Amino acid sequence: MQGFRAKCRVGALIVLCIWISLAALYGLLKPVSNGCVMTYMYPTYIPISTSAHLASPKYGLFLYHEGWKKIDFVEHLKKLSGVPVLFIPGNGGSYKQVRSLAAESHRAYQGGSLEHAFYQEGSLTPEERGLDLDVAQFSFANQYSSMLDWFAVDLEGEHSAMDGRILEEHTDYVVYAIHRILDQYKESYDSRQNEGAANSGPLPKSVILVGHSMGGFVARAAIVHPHLRKSAVETVLTLSSPHQSPPVALQPSLGHYFAHVNKEWRKGYEVQSSHTGNYISDNSLSHIVVISISGGFNDYQVRSKLESLDGIVPPTHGFTISSTGMKNVWLSMEHQVILWCNQLVVQVSHTLLSLIDPKTNQPFSSTQRRVAIFAKMLRSGIPQSFNWMRRSQPFQQSTHVSFQDKLDNSGSQVHGLSACPITFHWSDDGLDRDLYIQTTTVSVLAMDGRRRWLDIEKLGSNGKSHFILVTNLAPCSGVRLHLWPEKGKSTANLSPSKKVVEVTSKMVHIPSGPAPRQIEPGSQTEQAPPSAVFQLRPEDMHGFRFLTISVAPRPSRPPPAASMAVGQFFNPEEGETEFSPSALLLSTYSQKDIMLKEDHPLAFNISFSISLGLLPVTLSLKTAGCGIKNSGLPDEEARSMENSRLCKLRCFPPVALVWDTTSGLHVVPNLYSETIVVDSSPALWSSAQGSEKTTLLLLVDPHCSYKASVAVSSTAAASRFLLLYSSQIVGFCVAVIFFSLMRQANAWELDLPIPSMMSAVESNLRMPLPFFLLAAVPILISLLISLLTSQLFPPVASFITVSIICYLFANGCIIILILISQLVFYVAAVVHVFIKTRWQLWEGNFCITFFHWFIHLSSGFFSFKVIRVLRANPLLVTALVAITLVCFVHPALGLFILLFFHALCCHNALCGFFTASFRSHARKKELVDYINEGNSGIEQFQMKREGESNQSFPLDDSYSSSPNSAKSFSDTQLEIFHHRHGILILHLLAALMFVPSLVAWFQRIGIGQSFPRLLDSALCAGVIVHGVCDSKPEFNPLLFPFPLIPGFQEVRRSYIYLLAGFYSYLSGLALAPYWAFYAMAAIGIISFTFKIIERRNREKGEAYFSSRKHSHRH
């Protein structure tokens, strides 16, 4: 690597790579506050007897019992009569992790169903066939009809996310556990019958599966297992489980198993038909419902994109929901926290209990009904995908309610949207007096028992045709809203043809922040945070003249500490702003400010052109004023109090609602300064159009003015970058190495010195041709593949930009790896040469003489013929040992043997280079001394050289015997080092990709081992063959004839490396870096084949391969 620009390019990449890594590490290690409440329990685990003839006897099955009293296990099993639920732990998980879900399920069964709050509830979308259902049929009883019996499999805490073989063994045992559970119920039933005890209900025919992390994928894999009984599983609930691909997609067998299971699921939902198109049967998975719950952006181990069921499970049979958008949860949580977070555990427990049919005491058989119950219990009334102000039906899109006519106490007809129950009906006489609002903004500061009339025609003019209300009053019990066709004191004064529509049920619940506090005892409290949002579009108010907001005349229950409601007619276009990509990037250095003056829109819509999942922003809101002019205090003091205490007494805390196409809804209550991040996955090959944007709806009090500041969080952005694109970067790293080997092979073919790996990487970064050829061509190929296939077409600009940034980061990582390895080799070689030189000076020492005697004594062992043959064929020995370990022990061990062989060859070549260089320098100095002595000195120097010829270095046919042999020998050794160093870096990366699997293998030592998967062994054997056949540049094929392609008569080795690099690049774009093993193995097979052909052609006297003119320079 020469030149100032080249060094600057390399230095900039190293600095960029180190800065991103350190910033990401800081962001990931920073403590996370999730807001979860701990779950407590009194666990007892009852072992279930299993067959002694299992293939995996080390695993176990347990039944959970909640209670502190000691019980008799046998008697308890006889009473088994609930609904079976099997918990499957994840990577490194324990069966005891079932305790939180099981304990809360027991409490939920004892305490009854959740209290109905009369907010708008979530339901099915039209794509999920929600229009075919009537919401009235989903009313739940106060008491659940049957309890849940929680079982759990003990998988010994094995790391199933790291090894495909372990994942398959877990699937096999889960299938056995499902059958054993159903058999246990039959045994309990028969036992009760034999003892004359009463049996309650029929035997269960299916088991509900609940899986955490990799346990969720194991649950899906068990369903398509060929040995699973028909209809043994009908419902699957997964918690933070990857479905699209492994979180660490490095092992080929692991990625292949994921692809195989997903392929079976896609086939299972297809209707079977004959070749002529005639119907044969329904799809085999038509009875299966799958619900995936993700942990949101705080789950660093599994991203929401991987937890999506898109393309695997149709919308009619399941959906994905983030915990940030779950009803009564609203929190993002870490990977393990999702198992004990009380808010989520309680909601999941009540959801599973709601699946039980009171008539049969078993889960509902209807697939559509089960999906609808999951949607009703888990989803909030807020749409999961948002463009609130522009939807034709903003709330009814996700909730379908039936209109029905009811009679009020006066006998008039009230047309209601699931109107409030009669128990909450207020008579018109109960309202003190009506208030007629003349402004577009209406406020409620207390439960004053008044009804406020808003003239839609008057207040909704001038484009302000939308109405929004935020409040902390509960629907029905605290506030009710009606649409009136004309003004009237009561519904009794209206004609029968005039109908009043109650729209209270359109209120949707949102999480509220902490309760307001009193600044001083006896003083007014701060404004309460809103807990509900209500919105009407012009279509909803069409045909009506007035909107009334009725506040309860007296609290039917203890009122909140401070009651509030703020409504406004507004124009959505007045409250819209968009951050362009340039504005977001510039905010990294200087924050962007937005001023919101008083009487601004209550709903302020902010659009980010770059997803907050990639560039999280810190959003700060500072109160600038709240309209208080005469406080009776000095100006400075009044201004200070106005911006702090007084404004909090008048204005409600801001709330942010964030939507993303991947992660759904995220609500931030009490927003004053918060880093906004969503768990999206933008700019991927599989991303859809529009996925690079994030929408934020800011609900702010129009009585106050605010200064909003937006700035990109650098540490959060770096963390998200590595979390989202780590798999892509790994694939790009392999591509960078292949491109560097391509550069070395091209130099060899042109009879030029083989460049070092550092020089090869740097030359591939040169602008414009080398860089854009290697970085942009694979991206264009991926876009072409998307066009030619049914894949989604990604957003081009963000996809290309992020991919190139990832490619640059991969180059930086490889440069750092090259520098570290070169430093190690150079230090080891210098130390070796130094010790060897000192050894020659210590030849006469007594200790050295004794050491020589010991070596001579032990030399008899090395005289055996077998040992001599092995020492004469190090390549053969390395190949045999490595391939044996790969096939019968573990692939990583064989790759480590190959790495040791590469390292030894690199060390010998570098030692030879240093030794020859030192000798050449010494001889030059000696020649200068002889020249100074005259002609006699030159003759003495020539006679000395002839006497020393071939004593120090026995040169083979690859070395020159030219007069400048020392220098030529050093050049040859340096070229060999550069070549072997490149191969070593490639195979080092391959070995590191198998390290997670090796960790899981070490954990199982002594428990039970099995042979590696054939796919892993075959691919790693190909890698080893590549390392052995390409041990020296001379042994690589250079030219190969292609007579079938006119004008293309040869394929050079550099072309092969180029194609392998493109393939590895595409594997990174597909988030499947393990595909790179196919390229490595293919090169190994090609090298081995070419070597055999070359040997046969030499025996026949033919030449199909060109050879380099010289192995070194003269």
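Data block above holds the structure.
For every chain, the first residue of the written sequence is number 1, and numbering continues from 1 along that sequence. Local features are withheld for residues below a pLDDT of 70 in this predicted model, meaning they are given only at 70 or higher, and side-chain atom pairs are given and counted only at 80 or more; totals for whole chains, interfaces and linings count all residues. The side-chain quantities take in all heavy atoms of the structure and omit both hydrogens and water.

Here the focus is the pairing of strand S32 (residues 694–699). Counting buried positions along S32 yields six of six residues, so the element is predominantly enclosed. Residue exposure (1.4 Å probe, protein chains only): buried if accessible area is under 20% of the type maximum, exposed if over 50%, otherwise partly exposed. Starting at the N terminus, helices and strands are each numbered in turn, a helix being any DSSP run of H or I of at least four residues and a strand any DSSP run of E of at least two. The alternating pattern of S32 places Thr-694, Leu-696 and Leu-698 and Thr-695, Leu-697 and Leu-699 on opposite faces, both of which are buried. The pairing criterion is simple: DSSP has to find at least two bridges between the two strands. Two strands pair when backbone bridges link them, and strand S27 (residues 603–608) and S32 are joined in this way by six bridges, in the antiparallel orientation. Its bridge partner being in S32, Ser-607 is matched across the sheet by Thr-695. Bridge analysis of strand S29 (residues 655–660) against S32 gives five bridges, and the strand direction is antiparallel. When the sheet's bridge partners are listed, Ala-656 is paired in S32 with Leu-698.

A pair of sulfur atoms, both from cysteines and within 2.5 Å, is called a disulfide here. In the structure shown here, the tally under the stated rule is three disulfides. Note that Cys-36 is cross-linked by a disulfide to Cys-341, the S-S spacing being 2.2 Å. Sign of the S-S torsion, about -90° for the bond between Cys-36 and Cys-341, identifies this disulfide as left-handed. Linking Cys-36 in the loop between helix H1 (4–29) and strand S1 (43–47) with Cys-341 in the loop between strand S10 (318–322) and helix H8 (342–354), this pair joins segments that are 305 residues apart in sequence.

Now for helix H20 (residues 874–888). One less than the residue count of a helix, multiplied by 1.5 Å, gives the span that helix is expected to have. Here H20 spans 21 Å end to end across 15 residues, near enough to the 21 Å set by a 1.5 Å rise per residue. Of the positions making up H20, those classed as buried are Thr-878, Ala-879, Ala-882 and Val-886. Taken down its axis, H20 places every buried residue within 95° of arc, on the same side. Along H20, exposed side chains directed more than 90 degrees from the buried face belong to Leu-880 and Phe-888. Directions are taken from the helix axis to each C-beta atom, and the arc is the one they span.

Another point: the sheet that holds S1. Ordered in space as S1-S2-S4-S3-S5-S6-S9-S10, the eight strands form an open sheet in which the pairing is mixed. Either end of the sheet is taken by a strand with one partner, and the two such strands are S1 and S10. Adjacent strand axes in the sheet meet at a mean angle of 25° when their direction is disregarded. Summarising the sheet, S1 and strand S2 (residues 60–66) pair through five bridges and their orientation is antiparallel. Bridging across to S2, Pro-47 finds its partner in Phe-62. The convention used is that axes are lines fitted to C-alpha atoms, helices contributing only their stretch in contact, and that angles between N-to-C directions extend from 0 to 180 degrees.

Further remarks concern the sheet that holds strand S26 (residues 592–596). With respect to topology, four strands assemble into an open sheet ordered S26-S33-S28-S31, the strand pairing being antiparallel. Looking along the sheet, the strands with just one partner apiece sit at the ends: S26 and strand S31 (673–676). Averaged over all adjacent pairs, the angle separating strand axes in this sheet is 20°, with direction ignored.

Turning our attention to the environment of Ser-380. Here Ser-380 is to be found in the loop between helix H9 (367–378) and strand S13 (403–407). Sequence-wise, Ser-380 and Val-508 are 128 residues apart; in three dimensions their C-alpha atoms are separated by 7.4 Å. Once residues within four sequence positions are removed from consideration, Ser-380 is found in contact with Gly-122, Gly-325, Lys-327, Trp-330 and Leu-665. Contacts: residue pairs with any heavy atoms within 4.5 Å of one another.

Moving on to the side chain of Gln-251. Relative to the helices and strands, Gln-251 resides in the loop between strand S6 (235–239) and helix H6 (252–268). The exposure class assigned to Gln-251 is buried, which follows from its relative accessible area of 4%. In contact with Gln-251, not counting residues within four places along its chain, are Met-162, Asp-163, Gly-164, Phe-994, Ser-997, Asp-1016 and Tyr-1074.

This part takes up the environment of Ala-259. By secondary structure assignment, the location of Ala-259 is in helix H6. A C-alpha to C-alpha distance of 9.6 Å links Ala-259 and Pro-246, two positions 13 residues apart in sequence.

Buried residues of nine kinds, namely Ala, Val, Leu, Ile, Met, Phe, Trp, Tyr and Cys, make up a nonpolar core once their side-chain atoms join them within 4.5 Å. Of all hydrophobic cores here, the largest spans 128 residues; its most connected members are Tyr-725 and Phe-738. Sorting elements by how many residues they give to this core places helix H14 (residues 714–749) first, with 17 residues. Judged by nonpolar contacts, the second largest core, of 51 residues, contains Ala-108, Leu-344, Leu-353 and Val-371.

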